[in-house]
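# Reading the structure
The residues making up each chain are set out below.
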Amino acid sequence: MSQYILAFDQGTTSSRAIVFNHSGEMVSVAQKEFPQRFPQPGWVEHDAQDIWSSQIGVASEALARLGIGASDIAAIGITNQRETTLVWDRATSQPIYPAIVWQDRRTAQYCDELTAAGHDLTVRQKTGLLLDAYFSGTKLKWLLDQVPGAREKADRGELAFGTIDSWLVWKLTNGRLHITDVTNASRTLLFNIHTQDWDDEMLSLLAIPRSLLPEVRGSSEVYGYTSDGVGAGIAIAGIAGDQQAATFGQACLERGMAKNTYGTGCFTLLNTGSQPIVSQNRLLTTIAWRIQDRTDYALEGSVFVGGAVVQWLRDGLGILKTSAEVEPLARSVPDNGGVYLVPAFVGLGAPHWDSYARGTIVGLTRGSTSAHIARAALESIAYQCADVLDAMREDSDLPLSELRVDGGAACNDLLMQFQADILGVSVIRPQVAETTALGAAYLAGLAVGYWQNAAELVQNWQLDRRFEPTMSTERRNHLRETWRRAVDRAKRWEEPF
Ligand SMILES: Nc1ncnc2c1ncn2[C@@H]1O[C@H](COP(=O)(O)OP(=O)(O)O)[C@@H](O)[C@H]1O
Ligand SMILES: O=P(O)(O)OC[C@H](O)CO
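Residue indices follow the written sequence of each chain, beginning from 1 at its first position. For this description, chains carry letters from A and ligands carry numbers from 1, given in the order in which they are written. Since the coordinates come from a predicted model, pLDDT governs what is reported: local features require at least 70, and pairs of side-chain atoms require 80 or more to be given and counted, while whole-chain, interface and lining totals use all residues. Note: side-chain values were computed over all heavy atoms of the structure, leaving out hydrogens and water.

### Let's talk about the sheet that holds strand β5 (residues 73–80)
The strands that make up a sheet pair up through hydrogen bonds in the backbone, lying either parallel or antiparallel. Using the following cut-off: When DSSP finds at least two bridges between two strands, those strands are taken to pair. Strands here are runs of E lasting at least two residues and helices are runs of H or I lasting at least four, both read from the DSSP assignment and numbered beginning at the N terminus. With axes taken as lines fitted to C-alpha atoms, and helix axes fitted only over the stretch in contact, angles between N-to-C directions fall between 0 and 180 degrees. Throughout, a residue-residue contact means that at least one pair of heavy atoms, one from each residue, lies within 4.5 Å.
The strand order β3-β2-β1-β5-β14-β13 describes an open sheet built from six strands, whose pairing is mixed. Taken across any chain shown, the strands that pair with only one partner, and hence form the sheet edges, are β3 (26–33) and β13 (220–225). Ignoring strand direction, the axes of neighbouring strands in this sheet form an average angle of 25°. Lying over the sheet, helix α6 (residues 164–172) contacts β1 (4–10), β5 and β14 (235–241), oriented at roughly 145° with respect to β5.

### Here we look at the site of ligand 1
Basically, it comes down to this: Near residues are defined by distance, with any heavy atom within 4 Å of the molecule or strand qualifying the residue. N or O atoms within 3.5 Å of each other form a polar contact, as long as, within protein, one can give a hydrogen and the other can take it, and as long as residues adjacent in sequence are counted only when both atoms are side-chain atoms. Note on areas: Shrake-Rupley with a 1.4 Å probe; residue coverage comes only from the protein chains shown. In this count, Pro and Cys sit with the nonpolar residues alongside Ala, Val, Leu, Ile, Met, Phe, Trp and Tyr, while Asp, Glu, Lys and Arg are called charged and the others, Gly among them, polar.
In the region of ligand 1, 18 residues are neighbours, and T13, T264, G307, G408 and N412 sit closest. In this structure, an oxygen atom belonging to ligand 1 sits 3.3 Å away from a main-chain N or O atom of A308. Between ligand 1 and the protein, one listed contact pairs an oxygen atom with a side-chain N or O atom of S323 at 3.4 Å. When isolated, ligand 1 has an accessible area of 580 Å², and the protein chains bury 86% of it. Elements represented by at least two residues in the shell around ligand 1 include exactly β2 (14–20) and α10 (308–317). For the shell around ligand 1, the leading source of residues is α10, giving three residues. Here the residues of the shell around ligand 1 sort into six nonpolar, 11 polar and one charged.

### Topic: the UniProt feature "domain: Carbohydrate kinase FGGY N-terminal" (unreviewed entry) in the protein chain
The condition is simple: UniProt positions are given in the numbering used here, feature names are shortened, and annotations may be inferred rather than shown by experiment.
The feature "domain: Carbohydrate kinase FGGY N-terminal" (unreviewed entry), as given by UniProt, occupies residues 4–249 in the numbering adopted here. Between the C-alpha atoms that bound residues 4–249 there is a distance of 16 Å. The span itself is 33% helix and 26% strand.

### Here we look at the layout of surface pockets
To be explicit about the condition: Buriedness for pockets is judged along seven lines, at least five of which must meet protein on both sides within 12 Å for an open set on the 1 Å grid over protein atoms alone, while cavities are sets there where a 1.4 Å probe fits but cannot get out, and lining residues have an atom within 4 Å of a point. Grid points are joined across faces, edges and corners, and a volume is the space filled by probe spheres set on the points.
Here the largest pocket defines a volume of roughly 930 Å³. Y262, G263, G407, G408 and A409 are, among the 44 residues lining the largest pocket, the residues nearest its centre. Listing elements by their share of the lining of the largest pocket, those giving two or more residues are β2, β3, α9 (242–249), β15 (258–262), α10, α11 (326–331) and α14 (435–447). With four residues, the top contributor of residues to the lining of the largest pocket is α10. Looking at the lining of the largest pocket residue by residue, the class counts come to 14 nonpolar, 19 polar and 11 charged. Counted as a void, the second largest pocket has a volume near 530 Å³.

### Here's the deal with the pairing of β15
Along a regular strand, successive side chains alternate from one face of the sheet to the other. Here is the rule we go by: Accessible area is worked out with a 1.4 Å probe on protein chains only. A residue is then buried under 20% of its type maximum, exposed over 50%, and partly exposed in between.
Counted residue by residue, β15 has five buried out of five residues, so it is predominantly covered. Residues of β15 alternate between two faces, with A258, N260 and Y262 on one and K259 and T261 on the opposite face, all of them buried. Both β15 and strand β16 (residues 266–273) contribute to a ladder of five bridges, which runs antiparallel. Counterpart to N260 in the pairing with β16 is T268. Counted between consecutive antiparallel strands, the loop separating β15 from β16 contains three residues.

### A word on the UniProt feature "domain: Carbohydrate kinase FGGY C-terminal" (unreviewed entry) in the protein chain
Feature annotation in UniProt assigns "domain: Carbohydrate kinase FGGY C-terminal" (unreviewed entry) to the following positions: residues 259–447. What you have in residues 259–447 is 35% helix and 24% strand, and the ends, taken at the C-alpha atoms, are 24 Å apart.

### Section: helix α13 (residues 413–423)
With nine of 11 residues buried, α13 lies mostly within the body of the structure. All of the buried residues along α13 are L414, L415, M416, F418, Q419, A420, D421, I422 and L423. Two to three positions downstream of the cap, the backbone nitrogen of L414 sits 3.2 Å from a side-chain oxygen, assigning the N-cap of α13 to N412. G424 sits one or two residues past α13 and shows a positive phi near 75°.

### Let's talk about the packing of helix α1 (residues 48–66) against α6
Formally: A clockwise turn of the near helix away from the far one marks a right-handed crossing, whereas an anticlockwise turn of less than a right angle marks a left-handed crossing.
Running from amino to carboxyl end, α1 crosses α6 at an angle of 65°, the nearest separation of the two axes being 11 Å. α6 is crossed by α1, and the crossing has right-handed handedness. The residues of α6 that touch α1, namely those facing A48, Q49, I51, W52, Q55 and I56, are I164, W167, L168, K171 and L172. Partitioned by chemical class, the residues of the contact of α1 with α6 number eight nonpolar, two polar and one charged.

### Concerning the environment of T92
Relative to the assigned elements, T92 resides in the loop between β6 (86–89) and β7 (99–100). Judged by its relative accessible area of 45%, T92 falls in the partly exposed class.

### Section: the nonpolar core
Basically, it comes down to this: Throughout, nonpolar core names a set of buried Ala, Val, Leu, Ile, Met, Phe, Trp, Tyr and Cys residues whose side chains join them through atoms within 4.5 Å.
Residues L140, I208, L212, L213 and Y262 are the most contacted members of the largest nonpolar core, which totals 134 residues. Per element, the largest residue contribution to this core is 14 residues, and it comes from helix α12 (residues 370–395). Other than its neighbours up to four places away in sequence, L212 contacts R90, L140, L144, A154, L159, A160, F161 and H178. In this structure, F8, A59, L86 and I239 belong to the second largest nonpolar core, which totals 36 residues.

### A few points about the packing of α13 against helix α16 (residues 473–490)
Cut-off, in case you're wondering: Just so you know how the angles are binned, under 35 degrees is roughly parallel, over 145 roughly antiparallel, 65 to 115 roughly perpendicular, and the rest oblique.
Where α13 meets α16, the axes come as close as 9 Å, and the angle between the chain directions of the two elements is 100°. With respect to α16, the element α13 is oriented roughly perpendicular. Together, F418, D421, I422 and L423 of α13 and R476, L479 and R480 of α16 make up the contact between the two elements. Class assignment of the residues belonging to the contact of α13 with α16 gives a composition of four nonpolar, no polar and three charged.

### A word on the sheet that holds β15
Read from one edge of the open sheet, seven strands run β17-β18-β16-β15-β21-β22-β23, paired in mixed fashion. The open sheet terminates on both sides in strands that have one partner only, identified here as β17 (284–291) and β23 (463–467). Taking the axes of each pair of neighbouring strands and ignoring which way they run, one obtains an average angle of 30° across the sheet. Pairing between β17 and strand β18 (residues 294–303): seven bridges, direction antiparallel. By the bridge assignment for β18, R290 is matched with T295.

Below, the structure written as structure tokens:
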């Protein structure tokens, strides 16, 4: 048996490759940021070649750093930014347009039209999702309608659609495999999460030909072998969307366990076991993973701007040189000084689903400084996640007594303590912060017998730090009420009249 598992973590802002050993420890890691394109307000695109070249570049780097090659890798697991939509030509492997990123709002008005026409309930029942521009389906329809010649080519079966997992597998296998896994499929608006097949009614509603779509597979199985990129002949054996992979990597394997990932966005997933829970509070029902014949589901709250608000302080406002500087700056003041920042830069996700909300800062006075804004920015991440957790508590009878955390911004102790305080539950951070990649590694390793069963994975989970709530209920309620008032100011700012 080869010694290591290689995980590809293709995120919104960077591509990462991590080599894990049998104890689930990272033994080598490489990461590369790639350009974000904002061609119009509310639009976000990636160059698919940037995604491929950065991902392969970091994979080669991670192997080289350890001085190992393809024969030392037992399997590759792939995890990816979800919903991001790409169409390419099957003959040339050339994308017909840049990837439309999950944050992109260009189809918001079309989603409103579908809602007004009464399609919301069908969508919820079949796909577990909502009619929102976030998901792939309306982005794919936009591509077919707007890129010259695309629909004709699609009708002739010449094009392939995929989320980023599909694209990476296509490239790794030189176009031999056009597949996705159930977790990624469950974010497209085209997939029936109960029958686990593409849904004809949804395809017809959005005028999507079936011939475009990848074959849907489980999350942990040998799909095929690499022929390109990191060397030939490595088994590709695990695929999951990044939030589902993080849930798996956090060993939230039992019903009732929840994790929150603080990356570009923030995504809370509550494992609901083999039963999908239909949310009454505008959360998503999503497939957590399918391993062999068993499918597990999750309730998800998706927050569009999490760590990205810190990037905005750095790149947009220029008040930080590095993301890490946000913590000392925010700590330099005792509290937010009455300043609230609602980072609705691309609208608001769960539980509001307001495409037309826009970012706002309220409560400024002559005494407000960049430190208050930094503190308000960090607090906004925690408030948004608390709104999601409240909705989850109402939707399920599960106690939600602790929250496992990970992602780039989870290293921020001030944020984690505030999160525990504002939630009133323990926040628990594991030693391996790269749980997304670890989850993909686990899914791949289980498929090839590198790990035997879930019990081995649970043993690997080690605590780094526990944050206990210390805030009084009275203060928590007061702060959250003020936050709600700030959110009200941000809502429907851009509404088209
Ligand atoms: N010390 C920090 N405090 C707060 N946010 C941080 C810190 N370090 C990084 N971040 C934020 O974390 C995000 C990156 O996290 P990551 O998990 O790599 O995201 P993604 O997978 O979405 O690309 C960035 O938005 C960055 O601003
Ligand atoms: O790239 P991340 O980690 O921000 O995750 C993006 C999500 O998958 C979008 O649904």
